[in-house]
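Single-letter residue listing:
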Amino acid sequence: SSTGIKVDGAIVSGRLSDTGAKLLLIPPGQDNVTPEQAIGSFKLWINDGMLTRYEVQLAGTVVVTAGKNRREVKTTQTIAIELKDIGSTKLTVPAEAKIKLDQ
């Protein structure tokens, strides 16, 4: 769902397709909201071959319906996520659970 991918050192960026931006604009489970029009872009930060951060910017118009009411709403969103401490998660399994898992 991307177009025009560009690599500049450790940053990969590009534009989202119309469909890709529309899919990301509406959270799952919001059946009363329909994207009319959307644009978006993304950036990926790569460090030592691993994704360390990503950012998605979205803008568009959505239609919100409630019964017979219909309303158009303009929206913009920026989502920025930093990934850190990858591979450092520790999981402690209680002894009772270990016994059940071994059965």
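Residues numbered from 1 in each chain as written. Predicted model: local features only at pLDDT ≥ 70, side-chain atom pairs only at ≥ 80, totals over all residues. Heavy atoms only, no water.

> Sorry, what's going on with the overall build of the protein chain here?
Each helix and strand counted, the protein chain has 2 helices and 5 strands in total. If you list the helices and strands of the protein chain from N to C, you get β-β-α-β-β-β-α. A compact globule built from 103 residues would reach a C-alpha radius of gyration of about 13 Å, whereas the protein chain, at 20 Å, exceeds it by more than 25%. Counting only C-alpha atoms and orienting by the principal axes, one finds that the protein chain spans roughly 55 × 45 × 20 Å. Burial status across the protein chain gives 20% buried among its 103 residues. Put simply, of all contacts in the protein chain between residues at least 6 apart along the chain, 44% involve residues at least 24 apart. (Helix = DSSP H or I, 4+ residues; strand = E, 2+ residues; numbered from the N terminus. Rg over C-alpha atoms; globule rule 2.2 N^0.38 Å. Buried < 20%, exposed > 50% of the residue type's maximum accessible area, 1.4 Å probe, protein only. Contact = heavy atoms within 4.5 Å.)

> Please clarify how the confidence of the model for the protein chain should be interpreted in this entry.
Detailed conclusions should not be drawn from predicted coordinates in areas where pLDDT is low. For the protein chain, per-residue confidence averages 91 on the pLDDT scale, and 100% of positions sit at 70 or higher. By mean pLDDT, helix α2 (residues 95–102) is the weakest element of the protein chain at 85, and strand β2 (residues 11–16) is the strongest at 96. (pLDDT = per-residue confidence, 0-100.)

> Honestly, the pairing of strand β4 (residues 50–66) in this entry has me stumped. Any pointers?
Regular strands place side chains that alternate from one sheet face to the opposite one. Of the pairings in the sheet, the one linking strand β3 (residues 33–47) to β4 comprises 14 bridges and is antiparallel in character. Residue pairing across strands places Ile-39 opposite Ala-59, the latter belonging to β4. Taking the residues between adjacent antiparallel strands as the criterion, β3 and β4 are bridged by 2 residues, where Asp-48 takes a positive phi near 55 degrees. Across 14 bridges, β4 lies against strand β5 (residues 69–82) in antiparallel orientation. Note that in β5 the partner of Val-62 across the bridge is Val-73. What sits between the antiparallel neighbours β4 and β5 is a turn of 2 residues, in which Gly-67 has the positive phi angle 65 degrees. (Pairing = 2+ DSSP bridges.)

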